[in-house]
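Summary of the model geometry
Each chain, letter by letter, is given below.
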Amino acid sequence: MVHAYAESTHETYRSRLLVFHVFCDSKAIPEEQRAPASNLLIKMFISCMIGNYSRKTVSNYINGVHAWHILHGADWLLNDAEVDTMLKAAISLTPINAKCSKHEPYTTDLIVAIQEKLNLDNPLDASVFACLTTTFYATARVGEFTIPHLNAFDPALHISLNCVKDMQACQIQKEAFPNHLQVNEPPTNFALFAYWHKDNTHRPLMKMKFLSRLASAMKVAGHKPLQGHRIHIGSTLEYLLWNIPFDVVKVKGWWASDVFLVYLQKHAQIMAPYMQAVPTLHNEFL
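This structure is a prediction, so every number in the text was calculated from the model and none was measured.

Next up on the list: the overall build of the protein. Each helix and strand in the protein was counted, giving 13 helices and two strands. The 286 residues of the protein split such that 45% are buried. Long-range contacts, defined here as pairs at least 24 residues apart, represent 68% of the contacts in the protein between residues at least 6 apart.

The following block contains the structure:
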């Protein structure tokens, strides 16, 4: 039965299926109730996607779940007329962003490409690259290591050099962070990624400045600029590809259990193509 589907179709359906399983996890649906999936469960799944994805994407998800039922000899309880009716709603409710191509997450290859377009002897670039690698390997949010505006630094809220006790990182971060310290010499009681400004004072690395410099470096490197939360997505993906257990990644990213399930569901489309290259990981996610 498996050979009835082209390999590319098989991989696509597996990617769609993982979203179904994450959805079921978020609703505490027992595994034995997922195949055969009840008429109500499939309708709930479709309703969850309508308004978030295009009709074509929703249809691909349903086809993936349907194919999974066929391969396992499970009855498919939803008829075509019901599916078509619900998919019509997806047309009028398709969000604008669902009509745009999905951007890639930050990856180690992209980080290296950015590094090549930065001048790490330059104070701002040294700060930006150290902040990028630290945020990525810490599975942190950009706002945890940057400052919202110039005069917003608060030692009770923001990280300073005094807060850094032990830097355990990969090689690229081990090089980036000491370089930042050497080039910028940030005060121990000021913003961790403060950099020397041309007026001979230290300036905190602001979020918009950080993202703007990354965007310009990515353009020069031939990549489309990415939003800051893509760093968090990419970090999650990176550790999963290292075979770090899901529960460990969840703790590392400071997620509550339910929030983590929603997060995986939301970004499964982005992460799945990378995970497919590691069959054992992809199977675990499914």
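What follows deals with the pattern of salt bridges. Close approach of charged atoms allows side chains with opposite charge to pair. Going through the model one piece at a time under the given rule, you end up with two salt bridges. The salt bridge involving Asp25 is made with Arg34; its shortest N-O contact spans 2.7 Å. Given the relative accessible area of 6%, Arg34 is considered buried. The salt bridge partner of Arg213 is Asp125, with a shortest N-O separation of 2.7 Å. Of the two residues, Arg213 sits in helix α9 (residues 207–220) while Asp125 sits in helix α6 (residues 123–137), which places them 88 residues apart along the sequence.

On to the nonpolar core. Core analysis: the largest hydrophobic core is formed by 32 residues, its most contacted members being Tyr106, Ile114, Leu132, Phe210 and Leu214. Of all the secondary-structure elements, those providing two or more residues to this core are α5 (108–116), α6, α7 (142–145), α8 (171–184), α9, α10 (229–241) and α11 (246–252). The contacts of Phe210, once residues within four sequence positions are left out, are Val128, Cys131, Leu132, Val142, Thr146, Leu205 and Ile231. Core analysis: the next-biggest nonpolar cluster, separate from the first, contains 24 residues, Val19, Ala37, Tyr61 and Ile62 among them.

Cut-offs used in this document
Residues numbered from 1 in each chain as written. Predicted model: local features only at pLDDT ≥ 70, side-chain atom pairs only at ≥ 80, totals over all residues. Heavy atoms only, no water. Helix = DSSP H or I, 4+ residues; strand = E, 2+ residues; numbered from the N terminus. Buried < 20%, exposed > 50% of the residue type's maximum accessible area, 1.4 Å probe, protein only. Contact = heavy atoms within 4.5 Å. Salt bridge = Lys/Arg side-chain N within 4 Å of Asp/Glu carboxyl O. Core = buried A, V, L, I, M, F, W, Y, C linked by side-chain atoms within 4.5 Å.

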